[in-house]
Amino acid sequence: MQSWRRKSLWLALSASWLLVLLRVFPLLRLAVPARPWVGAPQGWPRWLDAELLQSFSQPGELPEDDPQPPQAPRGGSCDWGACFDVSKCRGGGLKVFVYPVAGPISDTHRGILASIESSRSRSVSPDEACLLLLLSLEAPTGECSPVPQQWNGGRNHLVLSLHSAFCPQTFHLGQAMVAKASPTVDTFRPGFDVALPLLPEAHPLRGGAPGRLGQHSPHPGVPLLALAEERGGWRTAVPDSSACPWDGRCEQDRGPEQTHPGATLPNATFCLIPGHRPDALHFLQALQAGCIPVLLSPRWELPFSEVIDWTKAAIVADERLPFQVLAALQEMPPTRVLALRQQTQFLWDAYFSSVEKVIHTTLEIIQDRIFGASAHPSLLWNSPPGALLALPTFSTSPLDFPFYHLQRGSRPVGRFSALIWVGAPGQPPLKLIQAVAGSQHCAQILVLWSSEKPPPPRWPKTTVPLTVLEGQRKVSDRFFPHRAISTDAVLSLDAQSSLTTSEVDFAFVVWQNFPERMVGFLTWSHFWDEARGGWGYTAERANEFSVVLTSAALYHRYYHTLFTHSLPKALRALADEAPTCVDILMNSLVAAVTKLPPLKVPYGKQHLEARPPLAPGGPESQLPAQDCINRMAAEFGYMPLVSSRLRLDPVLFKDPVSVLRKKYRSLEKP
């Protein structure tokens, strides 16, 4: 009996040691690398999840494919320091000259040219340019673009192609950078070339379609997996222990087939994208659909991998470990799934939803290389609203922007600067100055004098500094980033505005809690006019609004920089042609950045006369102002304004309690 017990104990101990050696106990979790392994392409790919995703065999024990001679990277051993002359960019930053294209071009290439034309980096002369851009075009005869005269061995040149089938060059690229769609890891030069997404032919040139994720949490009826198919569609798969979705052994589990391109995108939580065939187009479809891409040993470089942290939006797994991958996907916590799906929607909207955004992102990456350590930090690239809307000319610190206070657990400190715009007839707003100066949060008052009449020699004495700025008699001048503005918060006012000190104080407290949004008093709302087939707006008091008038509004001073340097020149000129367009443009700009509506705070009846609002169907002089909302939507490529039904009031506002208990008592005065 004792001999049997000793044998049983010995067998149990032996089995335990065997299990430890085989590494069965560690939990399976997926690890996502920042970028694919850039090693030799032959044989099995590098095991990317070795740290957390354990295997029953070591990577070295797995069979290798037949060895193939490695291919030399295109352009030799060029890198940023050796093949790009940064000294040409030190004077005016990144200036881009595009070589003219001879003959007919496609709509996509026409969109590329238009995107660069509208960028702030455009240069009209190759001698003044820092970067010379050559579009890789392939004529019907198979010939490529000719060698430009200023080629100079390709130095400070960028050869751009949005298609994976790169034009067979009739000349050596030399020291030129290559921006190519879905380059293979063996030809891509990290830190020098730029990996682009593979765009479909009908990709929007501007604006772009929004993400299709209806809800961030998985719905009980939504399949867990969608598998990319060779013919360009998707099919859902039922994961179980007896079938593997990517090796053809789950034909009995074929779900409803989904084709693309078309109106239907994959409707699943995870999208399996095999790496043994070019599936880069499926990758972009998964991003738009909010389906978490699961890349199985991809042989191509992920788009914009130099700046985008793909660990927050995608999963790169080893295709040799199908059962471990499926088990890890099924056991992934809902919080992790939620974070990944949210990031797919942000990346799609910020960098991939249009040709214009792809081109601007490419130029921004090159500009970051020029600035070096002072360029965008990773947080600005990988957090909303994205690096394209966080201009490094304003700041490189996230705390200086209005978008990152919430995730960093902070709020703006300090006070506000009151910017009072004085146009015709040029009457000094003496009463308004006294009311604003009485606010405990006011740091300074700036009077922007844009009237033909000269400003008065004397101004009323105030407890805060008062400075008179000479304007250029343009309405858009009120949103110029004046150096005299020393605070983050800006209180924009007109000379005809009428506010009380309590209203100003409460509005500033609200803004401190929502620094990325506009806070205002008077509101408009936009709507779709079926009769005219276009957008319209109204000043009628209703249950929702989408615009706060800049005649009395609080916002972050960074939006002055965006309005001046990011908004197209055509829209800024439109603001000067129709002054009421300024309110629509500024609200559209902030809404396009934040995807949020403005905030409304209480105001007295006297503000209704502060600025006569314009409504549809008014006099002929109002028609250009009505048309500006449609011209604005055309420039943006979509309607950025967001409606809201929310108004923020102080606690005890109009409650039946003693007035002495209320902090903002004057808000309730008639």
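Here, residues in each chain are numbered from 1, in the same order as that chain's written sequence. Selection of residues for local features in this predicted model requires a pLDDT of at least 70, selection of side-chain atom pairs for listing and counting requires 80 or more, and totals for whole chains, interfaces and linings are taken over all residues. Only hydrogens and water are set aside; all other atoms, that is, all heavy atoms of the structure, feed into the side-chain values.

Participant: Please clarify how the overall build of the protein chain should be interpreted in this entry.
Facilitator: For the protein chain, the helix and strand inventory stands at 14 helices and 21 strands. Among the 670 residues that make up the protein chain, the fraction classed as buried is 53%. At a minimum sequence separation of 6, the contacts of the protein chain that also span at least 24 residues come to 70%. By element, 55% of the accessible surface of the protein chain is carried by carbon and sulfur atoms, the whole surface being about 31400 Å². Strands are runs of DSSP state E lasting at least two residues, helices are runs of H or I lasting at least four, and both sets are numbered from the N terminus onward. Partly exposed residues are those whose accessible area sits between 20% and 50% of the maximum for their type, while under 20% is buried and over 50% is exposed, using a 1.4 Å probe and protein chains only. Two residues qualify as a contact provided that any one of their heavy atoms is within 4.5 Å of a heavy atom in the partner residue. Accessibility throughout is a Shrake-Rupley quantity obtained with a 1.4 Å probe, and a residue counts as covered only by protein chains that appear here.

Participant: Whenever I open this one, the side chain of H482 confuses me. Can you help?
Facilitator: Here H482 lies in the loop between strand 14 (466-470) and strand 15 (489-494). The exposure class assigned to H482 is buried, which follows from its relative accessible area of 14%. Residues contacting H482, with those up to four places away along its chain left out, are L448, L469 and D477.

Participant: Would you explain the sheet that holds strand 4 (residues 177-181) in this entry?
Facilitator: Whenever strands of a sheet pair, they do so through backbone hydrogen bonds, lying parallel or antiparallel. Here, a strand pair is defined by DSSP locating no fewer than two bridges between the strands. Taken together, 5 strands build an open sheet; the order of strands is 1-2-3-4-5 and the sheet is parallel. Strands with a single pairing partner mark the edges of an open sheet, and in this sheet they are strand 1 (96-98) and strand 5 (194-196). Within this sheet the neighbouring strands show an average axis-to-axis angle of 20°, counted without direction. Relative to strand 5, strand 4 runs parallel, the two sharing 3 bridges. By the bridge assignment for strand 5, K180 is matched with A195. The angle between two axes is taken between their N-to-C directions and runs from 0 to 180 degrees, where each axis is a line fitted to C-alpha atoms and a helix contributes only its stretch in contact. Each of strand 1, strand 2 (131-135) and strand 3 (157-161) touches helix 3 (residues 107-118); the most contacted strand, strand 2, lies at about 165° to it.

Participant: Help me understand the sheet that holds strand 20 (residues 552-556), please; the structure alone is not making it clear to me.
Facilitator: Here 7 strands make up an open sheet; going across it, the order is 14-13-12-15-20-16-21 and the pairing mixed. The open sheet is flanked by strand 14 and strand 21 (599-600), the only strands paired with a single partner. Note that strand 16 (residues 519-520) and strand 21 share 2 bridges and pair parallel. In the sheet register, V519 faces strand 21, and the bridge partner there is L599. Strands in contact with helix 11 (residues 558-565) are strand 12 (416-422), strand 15 and strand 20; relative to strand 20, the strand with the most contacts, it is inclined by about 90°.

Participant: Quick question: what am I supposed to make of the confidence of the model for the protein chain here?
Facilitator: Atom-level detail of predicted coordinates should not be read off regions where pLDDT is low. A score between 0 and 100, pLDDT records how confident the predictor is in each residue. Residues of the protein chain with pLDDT of at least 70 account for 75%, and the chain-wide mean is 79. Contacts of residues 248-263 to residues separated by more than four positions or lying in other chains number 40 contacts, the stretch itself having pLDDT below 50. Every residue in residues 609-623 is under pLDDT 50, and counting partners more than four places away or in other chains gives 26 contacts.

Participant: Can you walk me through the packing of helix 12 (residues 569-577) against helix 13 (residues 581-594) in this structure?
Facilitator: A pair of packed helices can be characterised by two numbers: the angle between their axes and the separation between those axes. Interhelical geometry of helix 12 versus helix 13 gives an angle of 145° and a closest axis separation of 8 Å. Here L571, L574 and A575 of helix 12 lie close against helix 13, whose contacting residues are C581, V582 and L585. Classifying every residue of the contact of helix 12 with helix 13 gives 6 nonpolar, no polar and no charged. Charged residues are taken to be Asp, Glu, Lys and Arg, nonpolar residues to be Ala, Val, Leu, Ile, Met, Phe, Trp, Tyr, Cys and Pro, and polar residues to be all remaining types, Gly included.

Participant: So what exactly am I meant to see when it comes to the environment of A573 here?
Facilitator: Relative to the assigned elements, A573 resides in helix 12. Given a relative accessible area of 34%, A573 falls into the partly exposed group.

Participant: Would you mind showing me how to read the state of the cysteines here?
Facilitator: Two cysteines, two sulfur atoms, one covalent bond between them: this is a disulfide. Count a disulfide wherever a pair of cysteine sulfur atoms falls within 2.5 Å. According to the stated counting rule, one finds 4 disulfides in the structure shown. Note that C271 is cross-linked by a disulfide to C291, the S-S spacing being 2.2 Å. Looking down the S-S bond of the C271 and C291 bridge, the torsion is 120°, so its handedness is right-handed. Here C271, found in strand 9 (residues 270-274), pairs with C291, found in the loop between helix 4 (280-289) and strand 10 (292-296); they are 20 residues apart in sequence, far enough to count as distant. The pair C271 / C291 is uniform in exposure class, with both members buried. Between the sulfur of C581 and that of C628 lies a disulfide, 2.3 Å long from S to S. Linking C581 and C628, the disulfide has an S-S dihedral of approximately -125° and is accordingly described as left-handed. Here C628 lies in helix 14 (residues 623-636) and C581 lies in helix 13, a separation of 47 residues in the sequence. There is no split in this pair, since C581 and C628 are both buried.

Participant: What is the right way to read the environment of P266 from this model?
Facilitator: Checked against the element boundaries, P266 lands in the loop between strand 8 (257-258) and strand 9. With a relative accessible area of 4%, P266 lands in the buried category. Along the backbone, P266 and R235 are 31 residues apart, and their C-alpha atoms lie at a distance of 7.9 Å.

Participant: I tried to follow the pairing of strand 10 on my own but got confused; where do I start?
Facilitator: The two faces of the sheet receive side chains in turn, since in a regular strand these alternate between them. Most of strand 10 is tucked away: 5 of the 5 residues are buried. Residues I292, V294 and L296 point to one face of strand 10 and P293 and L295 to the other, with burial holding for every one of them. Judged from the 5 bridges that link them, strand 9 and strand 10 form a sheet pairing that is parallel. Its bridge partner being in strand 10, C271 is matched across the sheet by P293.

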